[in-house]
Amino acid sequence: MSLDAPLDRIVLYAVADRIATITLNRPNARNAISQQLGRGLRLAMAAAEDDEQVDVVILTGSDPAFCAGIDLKELGATGRTGVFDKEEAPATDEPRTPWGVLSKPVIGAINGVAITGGFELALCCDFLVASERAAFGDTHARVGVLPGWGLSVLLPQAIGYRRALEMSMTGNFVLANEALQLGLVNHVVAHDELLQRTYEIASAIVGNNTPAIRALLASYKTIHTMTVADGLRHETRVNREYGATFKASEVAARRQAIQDRGRTQL
């Protein structure tokens, strides 16, 4: 797949081993979200969703940053950002996300700073692997804008209400190791090992049963928005519906591979 020019260089897209890697590629602007980059990101995510050869998506940035947020130069000059598909934010209360709903896991490989809108991009990933150079900051209040991609919901879910409120109220940065302690990221690795480690995790996902992964991911996402009681009921319903498609004969074929993999990890 190649994005239509000139978007094909501002957002890079590559597929290998059933893993799509999407790279924000405005390094001189610290991968700030211009209208062009925002559109390119949406196109790339849609391509990954539609590609039958893709099971997992990795989102990263060209060094030195992951994403510095909305392009403030463009915002100041035009009053527009790359946040929305249209020139103006849609007049609706429907939830907005950077790339819509995906059925495939998205892993953020956070190679540098993730600030404000860039922080929201990271939070919209299903989980994060961070370089030792990563840092996270919510500077919406410093800029004088408000979150539009779910930060005020997703950040407290990730690190707790009070810590999230402190980040948003102060605009102070959280560095990689503190982000790990807070539960914001799953792993912190040496910068040069970031993509390799993220690929290893993505490959472990690829090695599982694809329908089960997608059903489980969808269930997790739905439960994430529910009360505990509603979540338990939803999990039971999904388990029952998925069970109707379950084939016991397939387990025997996978059993040895599961056991062998488990021995390498224990």
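The rules behind each value
- Residues numbered from 1 in each chain as written.
- Predicted model: local features only at pLDDT ≥ 70, side-chain atom pairs only at ≥ 80, totals over all residues.
- Heavy atoms only, no water.
- Buried < 20%, exposed > 50% of the residue type's maximum accessible area, 1.4 Å probe, protein only.
- Helix = DSSP H or I, 4+ residues; strand = E, 2+ residues; numbered from the N terminus.
- Arc of directions from axis to C-beta.
- Contact = heavy atoms within 4.5 Å.
- Axes fitted to C-alpha atoms, helices over the stretch in contact; angles between N-to-C directions.
- Parallel < 35°, antiparallel > 145°, perpendicular 65-115°, else oblique.
- Left-handed = near helix turned anticlockwise from the far one by under 90°.
- Nonpolar A, V, L, I, M, F, W, Y, C, P; charged D, E, K, R; others polar.
- Pairing = 2+ DSSP bridges.

What to know about helix 7 (residues 161-170)
- Of all the residues in helix 7, the buried ones are A164, M167 and S168. Burial along helix 7 is one-sided: seen end-on, the buried residues are contained in an arc of 90°. For helix 7, the exposed residues set more than 90 degrees away from the buried face come down to R162, E166 and M169.
- Buried residues along helix 7 sit against helix 4 (117-124), strand 7 (135-137), helix 5 (140-143), helix 6 (151-159) and strand 8 (174-175).
- Positive phi appears at G171, one or two residues downstream of helix 7, with a value of about 75°.

Description of the packing of helix 4 against helix 6
- Axis separation between helix 4 and helix 6 bottoms out at 10 Å; the angle between their running directions is 60°. Between helix 4 and helix 6, the crossing angle belongs to the class labelled oblique. Helix-helix and strand crossings are classified by hand; for helix 4 and helix 6 the assignment is left-handed. Along its contact with helix 4, which presents F119, E120, L123 and C124, the element helix 6 presents L151, L154 and L155.
- Class assignment for the residues of the contact of helix 4 with helix 6 results in six nonpolar, no polar and one charged.

What to know about the sheet that holds strand 9 (residues 187-189)
- Strand order in the open sheet made by the six strands is 1-2-3-4-6-9, with mixed pairing throughout. Two strands in the sheet have a free side with no partner beyond their single neighbour: strand 1 (11-16) and strand 9. The sheet shows a mean angle of 20° between the axes of neighbouring strands, taken without regard to direction.
- As paired elements, strand 2 (residues 19-24) and strand 3 (residues 56-61) share six bridges and run parallel to each other. When the bridges of strand 3 are listed, A20 appears paired with V57.
- Docked against the sheet, helix 2 (residues 35-50) engages strand 1, strand 2, strand 3 and strand 4 (106-110), running at close to 15° with respect to strand 1.

Section: the sheet that holds strand 8
- The sheet built from three strands is open, its strands ordered 5-7-8 with mixed pairing. Bordering the open sheet on either side are strand 5 (113-115) and strand 8, each of which pairs with just one other strand.
- Bridging between strand 7 and strand 8 involves two bridges; their strand directions are antiparallel. Bridge assignment links F136 to a residue of strand 8, and that residue is V174.
- This element, helix 4, spans strand 5 and strand 7 of the sheet and lies at about 100° to strand 5.

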